[in-house]
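The residues making up each chain are set out below.
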Amino acid sequence: QVQVEESGGGLVQAGGSLRPSCAASGRTFSNYAVAWFRQAPGKGRELVAAVSWTGGTTSLADSVKGRFTISRDNAKTTVYLQMNSLKPEDTAVYYCAARESSRATYNFWGQGTQVTVSS
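Given the structure is predicted, the values throughout are model-derived calculations rather than measurements.

J.: In this structure, what is going on with the overall build of the protein? I would like to understand it.
T.: What the protein contains, in helices and strands, is zero helices and 11 strands. Along the protein, helices and strands appear, N-terminal first, in the series β-β-β-β-β-β-β-β-β-β-β. In terms of overall size, the protein behaves like a compact globule, its C-alpha atoms giving a radius of gyration of 13 Å where 119 residues would be expected to give roughly 14 Å. A principal-axis box enclosing the C-alpha atoms of the protein has dimensions of 40 × 25 × 25 Å. The contacts in the protein between residues at least 6 apart in sequence include a share of 53% that link residues at least 24 apart. Carbon and sulfur atoms make up 46% of the accessible area of the protein, which totals about 6100 Å². For the protein, the distance from the average site of its 12 positive side-chain charges to the average site of its 8 negative ones is 3 Å.

J.: Hey, could you run me through the pattern of salt bridges in this one?
T.: Pairs may arise between side chains of opposite charge once their charged atoms sit close together. With the rule as written, the count across this model stands at five salt bridges. Arg 38 is the salt-bridge partner of Glu 46, the closest N and O atoms lying 2.8 Å from each other. Bridged by salt links that share partners, the residues Arg 38, Glu 46, Arg 67 and Asp 90 form one connected network.

J.: What's the story with the state of the cysteines in this structure? I'm lost.
T.: Covalent bonding between the sulfur atoms of two cysteines defines a disulfide. In this structure the tally under the stated criterion is one disulfide. A sulfur-sulfur separation of 1.9 Å characterises the disulfide bridge that pairs Cys 22 with Cys 96. A torsion of -65° about the S-S bond marks the disulfide between Cys 22 and Cys 96 as left-handed. You can see Cys 22 sitting in strand E3 (residues 21-26) and its partner Cys 96 sitting in strand E9 (residues 92-100), a full 74 residues away along the chain.

J.: Help me understand the sheet that holds strand E1 (residues 2-7) in this model?
T.: Within a sheet, neighbouring strands are paired by backbone hydrogen bonds and run either parallel or antiparallel to one another. As summarised here, the arrangement of the four strands in space is E1-E3-E8-E7, forming an open sheet in which the pairing is antiparallel. In this open sheet, the two edge strands, each paired with only one partner strand, are E1 and strand E7 (68-73). On average, adjacent strands in this sheet sit at an angle of 15° to one another, irrespective of strand direction. Looking at chain direction, E1 and E3 are connected through six bridges and run antiparallel. From the neighbouring strand, Gln 3 faces E3, where its bridge partner is Ser 25.

J.: Would you take a moment to explain the packing of aromatic side chains for this structure?
T.: Taken as a whole and assessed by the stated rule, the structure comprises three aromatic pairs. With a centroid separation of 6.0 Å and an interplanar angle of 70°, the aromatic rings of Tyr 32 and Phe 108 are classed as edge-to-face. Of the two residues, Tyr 32 is situated in strand E4 (residues 32-39) and Phe 108 in strand E10 (residues 108-109); the sequence distance between them amounts to 76 residues. Note on Phe 37 and Tyr 106: the rings are 5.6 Å apart at their centroids and 80° apart in plane angle, and the pair reads as edge-to-face. Taken together, the residues span a long stretch of sequence, with Phe 37 in strand E4 and Tyr 106 in the loop between E9 and E10 at a distance of 69 residues. Among the aromatic residues, those joined into a ring-pair cluster are Phe 37, Tyr 106 and Trp 109.

What counts and how
- Residues numbered from 1 in each chain as written.
- Predicted model: local features only at pLDDT ≥ 70, side-chain atom pairs only at ≥ 80, totals over all residues.
- Heavy atoms only, no water.
- Helix = DSSP H or I, 4+ residues; strand = E, 2+ residues; numbered from the N terminus.
- Rg over C-alpha atoms; globule rule 2.2 N^0.38 Å.
- Contact = heavy atoms within 4.5 Å.
- Areas by Shrake-Rupley, 256 points an atom, 1.4 Å probe, with all protein chains shown as cover.
- Lys, Arg positive; Asp, Glu negative; His and termini not counted.
- Charge placed at Lys NZ, Arg CZ, Asp CG, Glu CD.
- Salt bridge = Lys/Arg side-chain N within 4 Å of Asp/Glu carboxyl O.
- Disulfide = S-S within 2.5 Å.
- Pairing = 2+ DSSP bridges.
- Axes fitted to C-alpha atoms, helices over the stretch in contact; angles between N-to-C directions.
- Phe/Tyr/Trp six-rings, centres within 6.5 Å; stacked < 30°, edge-to-face > 60°.

The quantities given are spatial measurements derived from coordinates; they are silent on function.
This is the structure:
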């Protein structure tokens, strides 16, 4: 199995940028698709962005299109979430998750990193 750990959250003013990272260890990371989810207080978990195991296919939630990008560096076993033009409604705990490329659900999760956007 693979282990993932998030870092790079923090406090930023509206309009600012952050780039959380998801570092993986364990099994061959390049065999895993990876996604970022977020959960705001009192709300359900939302899929924000996903990247295929090759990095060739990405997807973004409509709420972040044009502002966020997801990328991966398999040599560094790291996935990045570049977040620009941040809004207060982006405030949430951001989680990294991984799944084997043959699976439909994400079954390896990190502990999360807090992102707070002040107005």
